[in-house]
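This is what each chain is made of:
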Amino acid sequence: MSISLDEVKHTAQLARLELDEAELKAFQLELNALLGHFEDIQAIDTTGLVPKPHAVELTNVWSEDQVEQGLSREEALEGAFKTRAGLFIVPTVIEESH
Amino acid sequence: MITGLTAAELAAKLKSKEVSAVEAAEAHLDRIDEVDADYGAFLTTCRDQALADAEAAQKLLDAGEDKPLTGVPFALKDNICTEGIETTCASKILEGWKPPYNASVVENLKSQGMVLLGKTNLDEFAMGASTETSAYKTTRCPWDPDCSPGGSSGGSAVAASAEMAPIAYGSDTGGSVRQPAALCGVVGFKPTYGRISRYGLVAFSSSLDQIGPLTRSVEDTALAFQAAAGHCRLDSTSLPDAAYNPGDLKSGSLKGLKVAVPQELMGDDISEGVRESVEIALDRLKREGAIITSVSLPSLPLGVTTYYIIAPAEASSNLGRFDGIRFGPRIEKGDHNESTAATRGQLFGHEVKLRIMVGTYALSAGYYDAYYKRAQQVRGLMADEMSKVMREHDVVISPTSPVASFRLGEFAKDQMALKTLDLCTIPANMGGFPSISLPCGNAGDMPVGMLLTGPIMGDERLLSTAYAAEQAMGFSGRRPPIL
């Protein structure tokens, strides 16, 4: 399996990574090298093998439903790039229509 | 010299009042000031806070505090959150960020009066095996400053090896505690997944990440583990019985110990010097009464592929939180999506972006079954093969790293070769097994590490086996000749 430049661009869009042309080409080469290495698991018969998503399985991890003191609003906001009136300020998400 | 003492020796002197906690902190801070320009182990030191913490620790000692490591200084990998102290993950995307809370492991260590000296360098977001992907500085191996200390916890390995801290904590996702420990000639331990809380460890691959200590002896490793471990309700993967069970560390025996050596980890992938050194060490264990058996675990060679699908897949999701909104800098450009993409594109380094790309691709429509699902199936197979061998043997032993050392920049043009260095360490992360690297000899002038892996929750037994092996081999605590 090999990855085209268009697929690299599409993947970068999905991952919200702005990459210039040189980087896109570099990633195409590196991704293809990795995908080449990944051939080894394509070759094995996985019939009947159960996927293992966790290192150690735990089930039903509950905690008491009680009110606790979390971070204050000031603490939660103090690492943010831009805030106003106790809120995170983000760039425009939805444009007003004209 | 205070800085030459192990944590156990220093703790004894603190309790007997031969050394004060402030003297201990100052000695290590002075040593960092004196030698770290040569090694680049630390990204941040916190002298004022450390001295204040040491004074508080001394009060505990004066009041007869009997916790094992009160007043003992430690270093912490810079991907573990520290309240009010910059935590960067060695990335530009977190430059200047000061967490509003401590990781649970930090709370545990501070609650017994241990003293934080500073934050250590790492591969950016712990993605690498050489500490070279750090956005801030190069870290050098004390055994040969032209060589890499390994990674990703390279800064912590060097802090322990060059006697800048008796204990340094790192994180291990595919070998990031154990491999640098091997390359720097110290002990590195990845406990059973879930024994040290991950709350406040900046997530890379949540199902594989585990915090662990790097020290200059197995005894110190047990003490450092004891201080850090414990159930944490803020981490839903924390094990109920996570707390360390202090048994008799020194009661372990090699007599009759059943050792399995996977032939897949002693083949051509392992350099000659490392293989010879591990074989000599195995012979030593055999002379002490261990029963060494070569076994076959056919799935182990698939570990590197499995890891480089699962870890990036989880990372591509975990690193989604870095969008320039809640923490860290932002590159402002156009609308929200453009701003996010510019921030991530410009402030993540190349290796981090590569892994996000790999993970995004492996999880995207049409490829999920071929890559991610298949990798999870192989992960299950590998854990089953390991568990089966561990039912018939007490411990699995292999080299820690296929090579004893490599020069800084050596893998600049062959990143895939660097990635294959995780071959021996990956299986423990896949199955969540406890695993420890011990100095076992030399290849040329450079130290070699031997990896011992045991069953889930077999940490205490593994440590006592490691202690016995350490006594038989006698390579722990050797100082790099440059010191």
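The structure contained in this document is the topic of the report that follows. In this text the structure is predicted, and so the values were computed from the model without any measurement. (Residues numbered from 1 in each chain as written. Chains lettered and ligands numbered in written order. Predicted model: local features only at pLDDT ≥ 70, side-chain atom pairs only at ≥ 80, totals over all residues. Heavy atoms only, no water.)

1. Concerning the packing of helix H8 (residues 272-287) of chain B against helix H15 (residues 459-473) of chain B
Residues and elements named next belong to chain B. Their axes nearest at 10 Å, the elements H8 and H15 cross at an angle of 105°. The angle between the axes of H8 and H15 places the two elements in the roughly perpendicular class. For the pair formed by H8 and H15, the contact residues are Ala281, Arg284 and Leu285 on the first element and Ala469, Ala472 and Met473 on the second. Split into classes, the residues belonging to the contact of H8 with H15 amount to five nonpolar, no polar and one charged. (Axes fitted to C-alpha atoms, helices over the stretch in contact; angles between N-to-C directions. Helix = DSSP H or I, 4+ residues; strand = E, 2+ residues; numbered from the N terminus. Parallel < 35°, antiparallel > 145°, perpendicular 65-115°, else oblique. Contact = heavy atoms within 4.5 Å. Nonpolar A, V, L, I, M, F, W, Y, C, P; charged D, E, K, R; others polar.)

2. Points about the interface of chain B and chain A
Taken together, the contact pairs 70 residues of chain B with 49 residues of chain A. A combined buried area of about 5,300 Å² lies between chain B and chain A, and 66% of that area is made up of carbon and sulfur atoms. Contact with chain A buries surface across chain B, with Met357, Tyr361 and Arg374 of chain B losing the most and accounting together for 13% of the total. Viewed at the interface, chain A and chain B are joined by four salt bridges. If you look at where chain B meets chain A, you find 25 residue pairs in polar contact (both at pLDDT 80 or more). Of all the secondary-structure elements, those providing two or more residues to the side of chain B that touches chain A are helix H9 (303-318), helix H10 (336-347), helix H11 (350-363), helix H12 (369-392), helix H13 (415-419) and helix H14 (426-431) of chain B. For the side of chain B that touches chain A, a count of residues per class yields 31 nonpolar, 26 polar and 13 charged. (Buried area = accessible area lost by both parts, 1.4 Å probe. Salt bridge = Lys/Arg side-chain N within 4 Å of Asp/Glu carboxyl O. Polar contact = N/O pair within 3.5 Å; in protein donor to acceptor, adjacent residues only side chain to side chain.)

3. Things to note about the layout of surface pockets
The volume enclosed by the largest pocket comes to roughly 490 Å³. Forming the boundary of the largest pocket are 26 residues, of which Cys81, Trp97, Tyr101, Arg321 and Phe327 of chain B lie nearest the centre. Of the residues assigned to the lining of the largest pocket, the class counts are 15 nonpolar, four polar and seven charged. Each pocket or cavity is described by its volume, and for the second largest pocket that value is around 370 Å³. Counting residues per element, the ones that place at least two in the lining of the second largest pocket are helix H2 (21-37) of chain A together with H11 and H13 of chain B. (1 Å grid on protein atoms, 1.4 Å probe; cavity = no way out; pocket = protein on both sides within 12 Å on 5 of 7 lines; lining within 4 Å. Points joined across faces, edges and corners; volume = space filled by probe spheres on them.)

4. Re unusual backbone geometry
The linkage connecting glycine 151 of chain B with the following residue, serine 152 of chain B, adopts the cis geometry, with an omega of 10°. Turning to its location among the elements, serine 152 of chain B is positioned in the loop between strand S3 (115-120) and helix H5 (154-161). Within the chain, arginine 16 of chain A stands out as a residue other than glycine whose phi angle is a positive 55°. Tracing the backbone shows arginine 16 of chain A in the loop between helix H1 (5-14) and H2. According to the relative accessible area criterion, arginine 16 of chain A is partly exposed, its value standing at 34%. Unlike most non-glycine residues, lysine 17 of chain B shows phi in positive territory, near 65°. The residue lysine 17 of chain B is located in the loop between helix H1 (7-15) and helix H2 (21-39) in this model. When its relative accessible area of 45% is taken as the criterion, lysine 17 of chain B is described as partly exposed. (Buried < 20%, exposed > 50% of the residue type's maximum accessible area, 1.4 Å probe, protein only.)

5. Observations concerning the sheet that holds strand S11 (residues 446-453) of chain B
Residues and elements named next belong to chain B. Spatial ordering of the open sheet is given by S1-S3-S2-S4-S6-S5-S10-S11-S9-S7-S8, a layout of 11 strands whose pairing is mixed. The open sheet terminates on both sides in strands that have one partner only, identified here as strand S1 (42-45) and strand S8 (291-295). Going across the sheet, the axis of each strand differs from the next one's by a mean of 30°, ignoring polarity. Taken strand by strand, H15 contacts strand S5 (187-190), strand S9 (395-399), strand S10 (435-443) and S11, and its axis lies near 15° from that of S10. (Pairing = 2+ DSSP bridges.)

6. As for the packing of aromatic side chains
Residues and elements named next belong to chain B. Under the definition given, this model contains 16 aromatic pairs over all chains. With centroids separated by 6.0 Å and ring planes inclined at 80°, the aromatic side chains of phenylalanine 74 and tyrosine 169 adopt a geometry described as edge-to-face. Of this pair, phenylalanine 74 sits in strand S2 (residues 73-77) while tyrosine 169 sits in strand S4 (residues 167-172), and the two are 95 residues apart along the sequence. The buried category is assigned to tyrosine 169, whose relative accessible area is 0%. Aromatic ring contacts, followed pair by pair, group Trp97, Phe125, Phe322, Phe327 and Phe348 into a single cluster. (Phe/Tyr/Trp six-rings, centres within 6.5 Å; stacked < 30°, edge-to-face > 60°.)

7. Topic: the pairing of S11 of chain B
All names here are of chain B. Across the eight residues that make up S11, a large majority, eight, are buried. Two elements, S9 and S11, share four bridges in a ladder whose sense is antiparallel. By the bridge assignment, isoleucine 397 is partnered in S11 with leucine 452. For S10 and S11, the ladder comprises eight bridges, and the chain directions are antiparallel. If you follow serine 435 over to S11, its bridge partner there is threonine 453.

8. Description of empty space enclosed by the protein
All told, the structure shown has five cavities of 30 Å³ or more when counted by the stated rule. Estimates place the volume of the largest cavity at around 60 Å³. Its residues assigned to classes, the lining of the largest cavity shows five nonpolar, six polar and two charged.

9. What to know about the environment of lysine 82 of chain A
Structurally, the position occupied by lysine 82 of chain A is in the loop between helix H4 (73-77) and strand S1 (83-84). Given the relative accessible area of 34%, lysine 82 of chain A is considered partly exposed. In contact with lysine 82 of chain A, other than residues within four places in its own chain, are Leu87, Phe88 and Ile89 of chain A together with Arg330 and Glu332 of chain B. One polar contact links lysine 82 of chain A to glutamate 332 of chain B, side chain to side chain, over a distance of 3.2 Å.

10. Brief notes about H15 of chain B
For the α-helix, the turn length of 3.6 residues means that residues three or four positions removed from each other point alike. Residue and element names in this part refer to chain B. For H15, built from 15 residues, the straight-helix expectation of 21 Å at 1.5 Å per residue is met to within 8% by its first-to-last C-alpha distance of 20 Å. Most of H15 sits out of view: 13 of its 15 residues are buried. Within two residues after H15, glycine 474 carries a phi angle of roughly 70°, on the positive side. (Expected span 1.5 Å × (residues − 1).)

11. Remarks on the pattern of salt bridges
Pairing between side chains of opposite charge can happen when their charged atoms approach one another. Residue and element names in this part refer to chain B. Throughout the structure, instances matching the rule amount to 26 salt bridges over all chains. Among the salt bridges present, the one from arginine 330 reaches glutamate 332, with a minimum N-O distance of 3.3 Å. For arginine 330, a relative accessible area of 6% gives the class buried. Its relative accessible area of 45% is what places glutamate 332 among the partly exposed residues.

12. A word on the nonpolar core
Nonpolar side chains tend toward joint burial in soluble globular proteins. Residue and element names in this part refer to chain B. With 169 residues, the main nonpolar core has Phe125, Tyr169 and Leu285 as its most contacted residues. Those residues in contact with phenylalanine 125, other than ones at most four positions away along the chain, are Cys89, Ser91, Ile93, Leu94, Val202, Phe204, Leu319, Phe322, Phe348 and Val352. The next biggest cluster of nonpolar side chains, apart from the first, holds seven residues, and it includes Ala129, Leu183, Phe406 and Leu421. (Core = buried A, V, L, I, M, F, W, Y, C linked by side-chain atoms within 4.5 Å.)

13. Observations concerning a negative patch on the surface
All names here are of chain B. Taken together, the side chains of Glu272, Glu276, Glu279 and Asp283 make up a negatively charged region of the molecular surface. Mapped onto the elements of the fold, aspartate 283 is located in helix H8. Look at aspartate 283 and you get partly exposed, because its relative accessible area is 43%. (Patch = residues over 30% accessible without salt bridge, like charges linked within 9 Å, V, L, I, M, F, W, Y side chains within 5 Å. Areas by Shrake-Rupley, 256 points an atom, 1.4 Å probe, with all protein chains shown as cover. Lys, Arg positive; Asp, Glu negative; His and termini not counted. Charge placed at Lys NZ, Arg CZ, Asp CG, Glu CD.)

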